[in-house]
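A closer look at the structure
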Amino acid sequence: MEIITDPVKCRLAIKTARHQTRVGLIPTMGALHDGHLSLVTAAQQNDQRVMVTIFVNPTQFGPGEDFDAYPRQLEQDAAKCEAAGVAWIFAPDKSAMYFPDASTTIRVDGLTRHLCGASRPGHFDGVTTVVAKLFHVAPAHAAYFGEKDFQQLQTIRRMVRDLDMDIDVVGCPIIREPDGLALSSRNQYLSPSQRVAATSLSQALFRAQAVVAEQPPVTVEKLVTDVRQEITMAEGATIDYVELVDETSLEPATGMIDRRLRLCVAVYFGECRLIDNLAVDPTGSVR
Ligand code: AMP
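Everything in this summary refers to the structure shown in the same document. Just so we're clear, the structure is a prediction, and the values are computed from it rather than from any experiment.

In terms of helices and strands, the chain carries 10 helices and nine strands. Rg of the C-alpha trace for the chain: 19 Å, near the compact-globule value of 19 Å for 287 residues, within the 12% margin. By its C-alpha atoms, the chain is 55 × 40 × 40 Å across when sized along the principal axes. Per-residue burial over the chain gives 54% buried out of 287 residues. Taking as baseline every contact in the chain between residues at least 6 positions apart, the subset at least 24 positions apart corresponds to 72%.

This part covers the environment of L163. Counting through the fold element by element, L163 comes out in the loop between helix 7 (150-162) and strand 6 (168-172). Spatially, the C-alpha atom of L163 lies 9.8 Å from that of A132, the residues being 31 residues apart in sequence.

This part takes up helix 10 (residues 220-232). Under the 1.5 Å per step criterion, the end-to-end length of helix 10 is 18 Å for 13 residues, consistent within 8% with the ideal 18 Å. Those residues of helix 10 lying buried are V220, L223, V224, V227, E230 and I231. All buried residues of helix 10 project into a common sector of 130 degrees when viewed along the axis, lining one side. The exposed set on the far side of helix 10, more than 90 degrees from its buried face, consists of Q229 and T232. Where helix 10 is buried, its residues touch helix 9 (199-214), strand 7 (237-245) and strand 8 (261-269).

Attention now moves to the site of the ligand. Taken together, 17 residues lie around the ligand, and H36, G146, D149, I175 and L183 are the ones closest in. Residue D149 places a side-chain N or O atom 2.6 Å away from an oxygen atom belonging to the ligand. Take I175: an N or O atom from its main chain is 2.9 Å from a nitrogen atom of the ligand. Compared with its free state, where it exposes 480 Å², the ligand has 93% of that area covered by protein. Those elements that provide at least two residues to the shell around the ligand are strand 2 (23-28), helix 2 (34-46) and strand 5 (142-146).

A cluster of nonpolar side chains, namely M1, I3 and L74, defines an oily patch on the protein surface of about 240 Å² accessible area. Following the sequence through the fold, L74 ends up in helix 3 (residues 74-84). Exposure remark for L74: the relative accessible area of 40% places this residue in the partly exposed category.

This part covers the packing of aromatic side chains. One pass over the structure, following the stated rule, counts four aromatic pairs. Between the aromatic rings of F55 and Y98, the centroid separation amounts to 6.3 Å while the plane-to-plane angle is 40 degrees, which identifies the pairing as tilted. Here F55 is found in the loop between strand 3 (49-54) and helix 3, whereas its partner Y98 is found in the loop between helix 4 (94-97) and helix 5 (115-119), with 43 residues between them in sequence. A relative accessible area of 14% means that Y98 is categorised as buried. Ring centres 5.3 Å apart and planes at 65 degrees place the aromatic pair F61 and F67 in the edge-to-face group.

All right, on to the state of the cysteines then. Tallied over the entire structure, the rule returns zero disulfides. Of all cysteine sulfurs, the one in C116 lies closest to C264, which takes part in no disulfide; the gap is 8.2 Å.

Once that is clear, we can look at the sheet that holds strand 6. As summarised here, the arrangement of the six strands in space is 1-4-3-2-5-6, forming an open sheet in which the pairing is parallel. The sheet is open, and its two borders are formed by strand 1 (2-4) and strand 6, each paired with just one other strand. The average undirected angle you get between the axes of adjacent strands in this sheet is 25 degrees. Direction of pairing for strand 1 relative to strand 4 (residues 88-90): parallel, over a ladder of three bridges. Following the sheet pairing, E2 is matched in strand 4 by W88. Helix 1 (residues 7-18) rests against strand 1, strand 2, strand 3 and strand 4 of the sheet, and its axis sits at about 145 degrees to strand 4.

Thresholds, definitions, all that
- Residues numbered from 1 in each chain as written.
- Predicted model: local features only at pLDDT ≥ 70, side-chain atom pairs only at ≥ 80, totals over all residues.
- Heavy atoms only, no water.
- Helix = DSSP H or I, 4+ residues; strand = E, 2+ residues; numbered from the N terminus.
- Rg over C-alpha atoms; globule rule 2.2 N^0.38 Å.
- Buried < 20%, exposed > 50% of the residue type's maximum accessible area, 1.4 Å probe, protein only.
- Contact = heavy atoms within 4.5 Å.
- Expected span 1.5 Å × (residues − 1).
- Arc of directions from axis to C-beta.
- Near = heavy atom within 4 Å.
- Polar contact = N/O pair within 3.5 Å; in protein donor to acceptor, adjacent residues only side chain to side chain.
- Areas by Shrake-Rupley, 256 points an atom, 1.4 Å probe, with all protein chains shown as cover.
- Patch = residues over 30% accessible without salt bridge, like charges linked within 9 Å, V, L, I, M, F, W, Y side chains within 5 Å.
- Salt bridge = Lys/Arg side-chain N within 4 Å of Asp/Glu carboxyl O.
- Phe/Tyr/Trp six-rings, centres within 6.5 Å; stacked < 30°, edge-to-face > 60°.
- Disulfide = S-S within 2.5 Å.
- Pairing = 2+ DSSP bridges.
- Axes fitted to C-alpha atoms, helices over the stretch in contact; angles between N-to-C directions.

This is the structure:
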């Protein structure tokens, strides 16, 4: 496995490899866990060689967010990638990714107004701009993203469609701890009691999914109220949002739940902000 830090060398490595193999790309911010490694496995099933990018992207963090505190552990990450059969890590530093006078931003309108876009202004501009840059620097055949960041996945799909980018975007299921908590690099910030309370997110989501699938028709408003109530009861939880949205537009739904929707939550435990989501479907056909 090769660790590349120079964007020019990165592009050359991918372009050369493309003559012989398919290449899969996995953009990450590092502090790799089994959620990230599930993307590696998915990529290896479709593509012969896999590149993981590790870059804590400053432009997607707002003032007062955890950019400085975000875990950085390249050595451990490299060992995990090596063991997983990754071909290259691309780990540039900030100066290799952004000119000091960089003045171009990629912004996807509409679906970034909701959910995390409402509570983290500018966040998705940072995400789409860095992902567009990575797609140019590492021109792979396909890129893999987790449904854990559902709004990010849908926003990147929209960017790729709207800008005719020549890359397949593949969404992969959320990997969870045995007690249901979605794996996240930020889980390591949780105190032991917060870690226990944090299971309330997935518990509330799975309960809501079962209610929609198994009970008589329920309204969006009732379901959201019930989920809010359940999470509020968890020790130290402060809800940022609980919303039931259309899976494509991410517009909030209203009224009777009569089709598949996505239930999305963001909750603070102290400084630590966790997100999670799940499909709900009155026909019961959720994977
Ligand atoms: P991050 O390093 O947090 O920016 O995440 C990099 C990629 O890994 C994104 O596409 C995430 O959606 C994905 N990811 C993070 N956590 C999980 C998880 N628990 N299950 C599946 N994918 C995940």
